[in-house]
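# Working through the structure, step by step
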Amino acid sequence: MTLLYCEEVYYVFLKSNSKELRTSLLWILGTYPAVILISTIAVFIPRALVYMTFMYTIYVAFAVYKYYYLIIVFAGGTKPFVDKTESNDIRLNNVPCCCLVCIPTINNSMRVTTTTKWLIFQNVIFTPFYGALGMILKSDFKLYSTTEVPAAVYLSIFNSLSTVVCMYGFKTIAIIANSIEGMEEMHAIKGKTICMQLTMFVTGFESLIFNVLAQFDLFPCDPPFDFYSNRKAYNNYAVVIQIFLLGVLARHFYRRKADIQRQAVLTDDETTITYSRAHGAVASSVTKVLGDNVPSYNGTGVSNSNDVQTPDSASNSNLVLEEDC
């Protein structure tokens, strides 16, 4: 998996000249080798299980936020994202609220987008908090108990609730993004969302399942292989296998030529000044055809000084606006 990630890094840097796109893709793709490496270390050092789990949950939490930012990059920014979807009906009875058919549909707005962002971002805040609290309890020998419900079960419950809320935010932002015409065909939003949701389930929800199974002693084994004492190790075994399979799946959806080469350089007023054709790149969200005066690039993502257009010169070139569907 580490070798695959090195190849992905090389490919992204070779094909992309967008810093925002590179950062988001590499953080997300780096989740899988990072979790596998840390979980493997935790398996061979049992006393470090809690600390190693804390390390990879922090990484996953930040990658979760980078997923949201990646969707916004594909749409051209927050304001273009809202402008393109404000007239579309958005249903809110998504997983895990799919049975609540009474929830009305709404139209997207800046307020809805900000709320969805915080549904995702709360996991970034609470996951490290629960991990740090777990390390403190572990150091004080109060994380696990054989006489009563251990603190680890309660921490797993709260962390799982935060994960479910974040997954709901994932689904909502994906539905909003897919309402943009051509977004799914260009960027495979559904596949990307499924990969991140499954990753969150494996890293944030499965620990609760293992703790509950151990609490009810559903797998009575004799020491030293008893399930209660080794549940964290078994959890890490499962995480390594599942994350490896998810990493292969994520490679298919995130290492896509269409995502990496279709990009635009936007100004604050949502005007495309220039865009790169260094590797066949095409502006993805707000496309402007600059006629015969498209700036040429020297293959490194840096434009030749004589070809760069200023906003004033671009406005005099009879720019044609068109939506990229």
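Read on for an overview of the structure. The structure presented is a predicted model; accordingly, all values stated were derived computationally and were not measured. (Residues numbered from 1 in each chain as written. Predicted model: local features only at pLDDT ≥ 70, side-chain atom pairs only at ≥ 80, totals over all residues. Heavy atoms only, no water.)

The next point concerns the overall build of the chain. Along its length, the chain carries twelve helices and six strands. Evaluated residue by residue, the chain yields a buried proportion of 47% over its 325 residues. Across the chain, the fraction of contacts at a sequence separation of at least 24, relative to all contacts at a separation of at least 6, is 69%. (Helix = DSSP H or I, 4+ residues; strand = E, 2+ residues; numbered from the N terminus. Buried < 20%, exposed > 50% of the residue type's maximum accessible area, 1.4 Å probe, protein only. Contact = heavy atoms within 4.5 Å.)

All right, on to the packing of helix α7 (residues 151-178) against helix α9 (residues 189-215) then. Interhelical geometry of α7 versus α9 gives an angle of 165° and a closest axis separation of 9 Å. One element, α7, and the other, α9, form an angle in the roughly antiparallel class. Like other packed secondary-structure pairs, α7 and α9 cross with a definite hand, here left-handed. Considered class by class, the residues forming the contact of α7 with α9 number 14 nonpolar, eleven polar and two charged. (Axes fitted to C-alpha atoms, helices over the stretch in contact; angles between N-to-C directions. Parallel < 35°, antiparallel > 145°, perpendicular 65-115°, else oblique. Left-handed = near helix turned anticlockwise from the far one by under 90°. Nonpolar A, V, L, I, M, F, W, Y, C, P; charged D, E, K, R; others polar.)

The subject of this paragraph is unusual backbone geometry. Most peptide bonds take the trans configuration, and most residues that are not glycine carry a negative phi. Phi is positive for Ala 188, which is not a glycine, with a value near 50°. Checked against the element boundaries, Ala 188 lands in the loop between α8 (183-187) and α9. The buried category is assigned to Ala 188, whose relative accessible area is 9%.

Time to look at the nonpolar core. Within the largest apolar cluster, 54 residues are counted, with the highest numbers of intra-cluster contacts made by Tyr 67, Phe 81 and Tyr 254. At twelve residues, the largest contribution of residues to this core is made by helix α4 (residues 49-75). Residues within four places of Tyr 67 in sequence aside, it is in contact with Ile 28, Phe 170, Ile 173, Ala 174, Ile 189, Lys 192, Thr 193, Met 196 and Tyr 254. If you look at the next biggest cluster of nonpolar residues, it comprises eight residues, including Val 50, Tyr 130, Leu 143 and Ala 152. (Core = buried A, V, L, I, M, F, W, Y, C linked by side-chain atoms within 4.5 Å.)

With that out of the way, let us pick up the environment of Val 239. With respect to the helices and strands, the residue Val 239 is situated in helix α10 (residues 231-254). On the basis of relative accessibility, which here comes to 0%, the residue Val 239 falls in the buried class. Taking the C-alpha atoms as reference, Val 239 lies 9.4 Å from Thr 199; in sequence the two are 40 residues apart. Each residue touching Val 239, except ones within four places of it in the same chain, is listed here: Val 35, Ser 39, Tyr 56 and Val 202.

As a further point, take the pattern of salt bridges. Tallied over the full model, the rule gives four salt bridges. The partner of Glu 7 in a salt bridge is Arg 251, with the nearest N and O atoms 3.0 Å apart. Of the two residues, Glu 7 is situated in helix α1 (residues 2-15) and Arg 251 in helix α10; the sequence distance between them amounts to 244 residues. Given a relative accessible area of 24%, Arg 251 falls into the partly exposed group. Among the salt bridges present, the one from Arg 255 reaches Glu 7, with a minimum N-O distance of 2.8 Å. Residue Arg 255 is located in the loop between α10 and α11 (257-261), and its partner Glu 7 is located in helix α1; the two are separated by 248 residues in the primary sequence. Residues joined in a network through salt bridges with shared partners are Glu 7, Glu 8, Arg 251 and Arg 255. (Salt bridge = Lys/Arg side-chain N within 4 Å of Asp/Glu carboxyl O.)

What follows is about the side chain of Thr 193. Locating Thr 193 in the fold gives a position in helix α9. Residue classification places Thr 193 among the buried residues on the basis of a relative accessible area of 3%. Within the structure, the side chain of Thr 193 is placed 2.8 Å from the backbone oxygen of Ile 189, a separation counted as a polar contact. Each residue touching Thr 193, except ones within four places of it in the same chain, is listed here: Tyr 67, Phe 170 and Ala 174. (Polar contact = N/O pair within 3.5 Å; in protein donor to acceptor, adjacent residues only side chain to side chain.)

Turning our eyes to something else, we now look at α4. Think of an α-helix as turning once every 3.6 residues; residues three or four places apart then point the same way. For α4, built from 27 residues, the straight-helix expectation of 39 Å at 1.5 Å per residue is met to within 8% by its first-to-last C-alpha distance of 40 Å. Summarising burial for α4: 20 of the 27 residues are buried, a large majority. Gly 76, located one to two residues past α4, shows a positive phi value of around 100°. (Expected span 1.5 Å × (residues − 1).)

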